[in-house]
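# A structural walkthrough
Here are the chains, one letter per residue:
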Amino acid sequence: MAGGVGAVTGYFVKEMIARNQLGSAEEQAKRICDEANRTAEAKKKESLLEAKEEIHKLRQEAEKDNRDRRRELDRTERRIIQKEESLDKKLETIEVREDALLNKEKESEKLQQNLQLLFSQQLKELERLSGLSSEDAKQLLLKNVEEQIRQETALMIRSVEAEAKEEANKRSRNIVSLAIQKCAADVAAETTVSVVALPSDEMKGRIIGREGRNIRTFETLTGVDLIIDDTPEAVILSAFDPIRREVARIALEKLISDGRIHPARIEEMVEKSQKEVDQHIREVGEQAAFEVGVHGLHPEIIKLLGRLQYRTSYGQNVLRHSVEVANLAAIMAAELDADIPLAKRAGLLHDIGKAVDHESSGPHVELGVELAKKYRENKDVIHGIAAHHGDVDPQSVEAVLVQAADAISASRPGARRETLEAYIKRLQKLEELADSFTGVDKSFAIQAGREIRIIVKPDDVDDLASITLSRDIARMIEQEMDYPGQIRVVVIRETRAVEHAK
């Protein structure tokens with residue numbers, strides 16, 4: 001019973017406490033809501049004030065901008081008005097000047113008419129006094145002026161040519177002498193035979209073989225004539241093709257060193273010698289290109305360069321000549337600020353056609369152009385090859401330099417030999433060309449064909465015409481003849497007065 005009363009009492013007590021706590025919480029929540037409403041109202045009023053201040057500020061700035069723009073528009077409007085006023089004043093001035101110009105133009109027309117009338121009257125008076133019409137006087141004046149101009153022109157041409165020749169000769173001598181001093185090349189003698197030494201004369205019989213089978217096999221395989229005569233301890237290899245002769249020489253030396261000489265061994269040695277010569281040709285071509293500093297050549301062009309080692313022209317080794325031409329052309333190109341690599345390349349390849357002229361028909365210039373086109377050389381290099389003997393007119397400085405370097409290398413002392421027959425024919429043709437011109441009395445080729453002296457008839461050729469004659473003969477020689485170096489043309493006009501005392 002007591003426990004139940006306690007439980008009921010506790011329940012009521014707890015309920016009373018809960019009601020008191022609930023009431024406190026409701027009061028507190030109400031208080032918090034009131035405070036929140038007051039805070040929100042305050043912030044609302046504060047935001048409204050700030051917005052009003054911002055609007056006022058923006059309105060003031062806008063009004064300031066409008067005032068500034070109105071001031072700027074006023075200034076612009078004043079400037080436009082001032083310019084309009086200035087333009088009006090200038091227009092008025094221009095109109096006044098136009099009126100003045102029109103008046104002056106009318107006055108000048110009147111003056112011109114008066115002058116024309118005076119000129120006509122003076123012209124008639126002059127014609128009456130001179131007895132010549134205006135057209136006759138004009139022709140006479142033109143004729144006199146023409147003769148005077150012709151004489152002055154000839155004198156001027158002679159003076160200018162003399163100065164130009166003096167300056168050109170001076171500069172060209174300096175360039176050429178500098179190029180020659182910087183370049184040195186060996187000179188090889190032309191030959192069509194090779195001598196192979198033997199250890200003893202007994203070796204000759206072994207070379208001939210039984211019934212001559214060894215020598216026949218050797219000559220058939222190499223294409224070279226093997227000459228065995230009374231020369232002690234030596235045999236001679238004769239062939240026009242220097243490469244075949246070199247293959248035969250190496251093969252024969254190998255057979256003599258080996259001692260076993262029979263047809264099978266000969267065939268084996270000739271094959272090995274051919275491979276060695278091919279390898280040597282390639283190495284020589286590469287060495288020449290490296291020596292000159294020309295890169296990027298086609299492998300077949302390299303081989304053709306190597307073949308030039310075994311080719312001579314008038315006793316001059318063609319490969320050494322090509323290297324020399326490349327160096328000379330490069331040195332002169334450097335002096336003239338031309339394309340040095342192009343000059344080198346064209347100079348090195350200018351005689352490439354001579355590598356195949358034993359096998360193909362046609363001039364070596366045409367063969368060289370065909371080879372250069374075949375292996376896709378530069379068009380400027382091809383032009384240098386085509387123009388180096390004057391077959392086509394040089395169109396570039398480098399082509400002219402290759403032509404000059406070729407002439408220098410070929411004509412320097414000791415570089416080439418010329419047969420007596422060809423030399424005499426060249427001198428005869430030189431004199432015949434000079435004699436073919438009108439007014440020439442006699443001509444003489446002197447200084448080994450380096451100079452042609454021409455005696456003209458003084459009654460047919462005057463001093464001025466002799467200048468033109470020398471130029472025409474020089475041009476004819478350039479077109480009709482092939483010659484190393486240059487030929488000096490000297491025209492001599494002599495007047496003799498003869499009288500007899502009786």
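Above this note sits the structure.
One structure accompanies this document, and this report is about it. (Residues numbered from 1 in each chain as written. Predicted model: local features only at pLDDT ≥ 70, side-chain atom pairs only at ≥ 80, totals over all residues. Heavy atoms only, no water.)

Time to look at the overall build of the protein chain. A count of helices and strands for the protein chain gives 14 helices and 8 strands. In the protein chain, which comprises 502 residues, the proportion classed as buried is 29%. Across the protein chain, contacts joining residues at least 24 apart in sequence account for 61% of those joining residues at least 6 apart. In the form shown here, the protein chain has an accessible surface area of approximately 34,200 Å², with 52% of it arising from carbon and sulfur atoms. (Helix = DSSP H or I, 4+ residues; strand = E, 2+ residues; numbered from the N terminus. Buried < 20%, exposed > 50% of the residue type's maximum accessible area, 1.4 Å probe, protein only. Contact = heavy atoms within 4.5 Å. Areas by Shrake-Rupley, 256 points an atom, 1.4 Å probe, with all protein chains shown as cover.)

A few words now on helix α5 (residues 242-258). Look at α5: 24 Å from first C-alpha to last across 17 residues, which is about the 24 Å you get at 1.5 Å a residue. Turning to α5, its buried residues are P242, I243, R245, E246, V247, A248, I250, A251, L252, L255 and I256. (Expected span 1.5 Å × (residues − 1).)

Before going further, it helps to spend a moment on the sheet that holds strand β6 (residues 440-446). Across the sheet, 3 strands lie side by side as β6-β7-β8; this open sheet has mixed pairing. Either end of the sheet is taken by a strand with one partner, and the two such strands are β6 and β8 (488-493). Ignoring strand direction, the axes of neighbouring strands in this sheet form an average angle of 20°. Relative to β8, strand β7 (residues 451-456) is paired through 6 bridges, and the arrangement is parallel. Looking at β8, one finds that I452 is bridged to V489. Set on the sheet, helix α14 (residues 463-480) makes contact with β6, β7 and β8; between it and β8 the angle comes to about 150°. (Pairing = 2+ DSSP bridges. Axes fitted to C-alpha atoms, helices over the stretch in contact; angles between N-to-C directions.)

Mapped onto the secondary structure, Q279 falls in helix α6 (residues 263-292). Under the relative-accessibility criterion, Q279 is labelled partly exposed at 38%. Counting along the chain gives 27 residues from Q279 to G306, while the straight-line C-alpha distance between them is 9.5 Å. Here the side chain of Q279 touches R282 through a polar contact of 2.8 Å, side chain to side chain. (Polar contact = N/O pair within 3.5 Å; in protein donor to acceptor, adjacent residues only side chain to side chain.)

This part is about a negative patch on the surface. The grouping of E84, E85, D88, E92, E95, E98 and D99 at the surface amounts to a negative patch. Within the secondary structure, E85 sits in helix α1 (residues 2-130). (Patch = residues over 30% accessible without salt bridge, like charges linked within 9 Å, V, L, I, M, F, W, Y side chains within 5 Å. Salt bridge = Lys/Arg side-chain N within 4 Å of Asp/Glu carboxyl O. Lys, Arg positive; Asp, Glu negative; His and termini not counted. Charge placed at Lys NZ, Arg CZ, Asp CG, Glu CD.)

This part covers the pattern of salt bridges. Counted according to the given criterion, the structure contains 17 salt bridges. R249 is the salt-bridge partner of E246, the closest N and O atoms lying 2.6 Å from each other. With E246 and R249 both in helix α5 and 3 residues apart, this pair spans about one turn of that helix. Look at E246 and you get buried, because its relative accessible area is 17%. The exposure class of R249 is partly exposed, given its relative accessible area of 22%. Linked through salt bridges whose partners overlap, the residues forming this network are D258, R260, R265, E268 and K272.

Below, the discussion takes up the packing of helix α10 (residues 364-374) against helix α11 (residues 379-387). Here α10 crosses α11 at 170°, and the two axes come no closer than 8 Å. Comparing the axis directions of α10 and α11 gives the class roughly antiparallel. Where α10 abuts α11, its residues V365, G368, V369, A372 and K373 lie against I382, I385 and A386. For the contact of α10 with α11, the class distribution of residues is 6 nonpolar, 1 polar and 1 charged. (Parallel < 35°, antiparallel > 145°, perpendicular 65-115°, else oblique. Nonpolar A, V, L, I, M, F, W, Y, C, P; charged D, E, K, R; others polar.)

Across soluble globular proteins, you tend to see nonpolar side chains buried next to one another. Within the largest apolar cluster, 42 residues are counted, with the highest numbers of intra-cluster contacts made by L297, L304, L305, L308, L348, L349 and I352. Of all elements in the fold, only α6, α7 (299-307), α8 (318-335), α9 (340-349), α10, α11 and α12 (397-411) reach the threshold of two or more residues within this core. Counting residues per element, this core draws most heavily on α8, at 9 residues. Among all residues touching L305, those that are not within four sequence positions of it are G285, L297, L319, L348, L349 and I352. One finds V224, A248, L252 and I261 within the second-largest nonpolar core, a separate group that totals 26 residues. (Core = buried A, V, L, I, M, F, W, Y, C linked by side-chain atoms within 4.5 Å.)

The backbone of E211 shows a phi angle near 55°, a positive value even though the residue is not glycine. Among the secondary structure elements, E211 is positioned in the loop between α3 (202-208) and α4 (213-222). The exposure class assigned to E211 is exposed, which follows from its relative accessible area of 70%. Notably, D337 is not glycine yet its phi reads approximately 60°, a positive angle. With respect to the helices and strands, D337 occurs in the loop between α8 and α9.

Turning next to the environment of A248. Topologically, A248 is positioned in helix α5. When its relative accessible area of 0% is taken as the criterion, A248 is described as buried. In sequence terms A248 and L237 are 11 residues apart; their C-alpha atoms lie 7.5 Å from each other. The contact partners of A248, leaving out residues within four places of it in the chain, are F218, T222, V224 and L237.

So far we have only geometry, and geometry alone does not tell us how the molecule works.
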